[in-house]
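One letter stands for each residue in the lines below.
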Amino acid sequence: MNAEEKTTLARFLDLAGDCLRDGHARHRDDYAFEDDAQEAPKGFSSLPLAYQMDEEAALGEEAGEQSVSLAGCETLEDLAAAVRACETCGLCATRTHAVPGEGPNRPLAMVIGEGPGADEDATGRPFVGRAGQLLDKMLASVALYRDKNCFIANIVKCRPPKNRDPQPEEIAACIPFLKRQIMLLRPRVILCAGRVAAQSLLGTGQGINALRGTFASFSAGGEAGEAVPVLCTFHPSAILRNEDLKRPAWEDLKLLKARLDSITSLAPSGETGEHDRAVL
Ligand code: URA
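Here goes a summary of the coordinates provided.

Conventions used here
Along each chain, residue indices are assigned from 1 in the same order as the chain's sequence is written. In keeping with the predicted nature of the model, local features appear solely for residues at pLDDT of at least 70, side-chain atom pairs appear and are counted solely at 80 or more, and the whole-chain, interface and lining totals rest on all residues. With hydrogens and water excluded, all non-hydrogen atoms of the structure serve as input to the side-chain values. A cavity, in this analysis, means grid points on a 1 Å lattice covering only the protein atoms where a 1.4 Å probe fits yet has no way out; a pocket is instead an open set bounded by protein on both sides within 12 Å along at least five of seven lines, and a residue lines either one if it has an atom within 4 Å of a point. Grid points are joined across faces, edges and corners, and a volume is the space filled by probe spheres set on the points. The helix count covers DSSP runs of H or I at least four residues long, the strand count covers runs of E at least two residues long, and both are numbered beginning at the N terminus. The angle between two axes is taken between their N-to-C directions and runs from 0 to 180 degrees, where each axis is a line fitted to C-alpha atoms and a helix contributes only its stretch in contact. Any angle between 65 and 115 degrees counts as roughly perpendicular, while under 35 counts as roughly parallel, over 145 as roughly antiparallel, and the rest as oblique. Pairs of residues are marked as contacts when any of their non-hydrogen atoms sit within 4.5 Å. Note on residue classes: Ala, Val, Leu, Ile, Met, Phe, Trp, Tyr, Cys and Pro are nonpolar, Asp, Glu, Lys and Arg are charged, and everything else, Gly too, is polar. Consider each residue's heavy atoms; a residue with any of them within 4 Å of a molecule or strand counts as near. Pairing of N or O atoms within 3.5 Å defines a polar contact, subject to two protein rules: one partner must be a possible hydrogen donor and the other a possible acceptor, and residues neighboring in sequence count only if both atoms are side-chain atoms. What sets the accessible areas is the Shrake-Rupley method with a 1.4 Å probe; for residues, cover comes only from the shown protein chains.

1. With respect to the layout of surface pockets
Move 1: Taken as a whole, the largest pocket encloses approximately 640 Å³ of empty space.
Move 2: Taken together, 29 residues make up the lining of the largest pocket; nearest its centre are Glu-114, Ala-131, His-235, Ser-237 and Arg-241.
Move 3: Among the elements that line the lining of the largest pocket, the one with the most residues is helix α10 (residues 236-241), at four residues.

The structure is reproduced here in structure tokens:
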């Protein structure tokens, strides 16, 4: 609770007590409350703290030990260079290449995966292994292409060893990069691939079955500040492991396609990334 909320509550309780006891309000000196200290992040359920990080911290001006520096990241190219130079968390020690992401600026859609695997670590490009090939097919089925109108990125930009899940502190350290990417790219729709991407972006502990099949929204802040619709679906790797996920994933893609169609039927040409290619 902050000081203002405590003061309002105390005024109300004192007033109610005075009226019940004396039949009228008594004069009181000013209250002198202080804001409660913020709790330290403990895991996914606390991750919104990372998103609430104020702009100065995000810009690296008051960055703590675990914050990436976004100072000078005014373009996607600046941001990609900062990602490649980043040593904020332990994942930098085992990476071959950081993987900033790739695709056009001002894309129609942005796909967010979990983090690079072995093929991505070897090449510095997102989703280029088996899961990536399936992702490309899924995207093509709804007329999305990474060289045309769809940007592909990940929650963490460096490969977790042996493809383990990224740790909450690694996600918290890396997510300012993603948030800045979203601010710069201004995608019209975001597709989160898998539980880790969905939970990390939306700041929830809910499972992927609860999160998929319906649109949420995410606001990265910044001048544009608009909320971007977010659809979550299964990760292509999960679909490769379990064929039963194909049908619900296809249902999600149909929902995505309907949203894309409504956007493109309204968009002036040039607003969907098709004329503004900048593959990173
Ligand atoms: N899985 C992901 O989540 N991202 C990649 O880039 C590759 C595989």
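2. Focus on the packing of helix α7 (residues 168-185) against helix α8 (residues 195-202)
Move 1: Where α7 meets α8, the closest approach of the two axes is 11 Å, and the angle between their N-to-C directions is 80°. Regarding the angle of α7 to α8, the classification is roughly perpendicular. For the pair formed by α7 and α8, the contact residues are Ile-171, Ile-175, Leu-178 and Ile-182 on the first element and Val-196, Ser-200 and Leu-201 on the second.
Move 2: By residue class, the composition of the contact of α7 with α8 is six nonpolar, one polar and no charged.

3. Brief notes about the site of the ligand
Move 1: Every residue close to the ligand is listed here: Gly-113, Glu-114, Gly-115, Glu-120, Pro-126, Phe-127, Asn-154 and His-235.
Move 2: Take His-235: an N or O atom from its side chain is 2.8 Å from an oxygen atom of the ligand.
Move 3: Protein chains shield 92% of the accessible area of the ligand, which is 230 Å² for the free molecule.
Move 4: Among the residues forming the shell around the ligand, the class breakdown is two nonpolar, four polar and two charged.

All we've got here are geometric facts, nothing functional implied.
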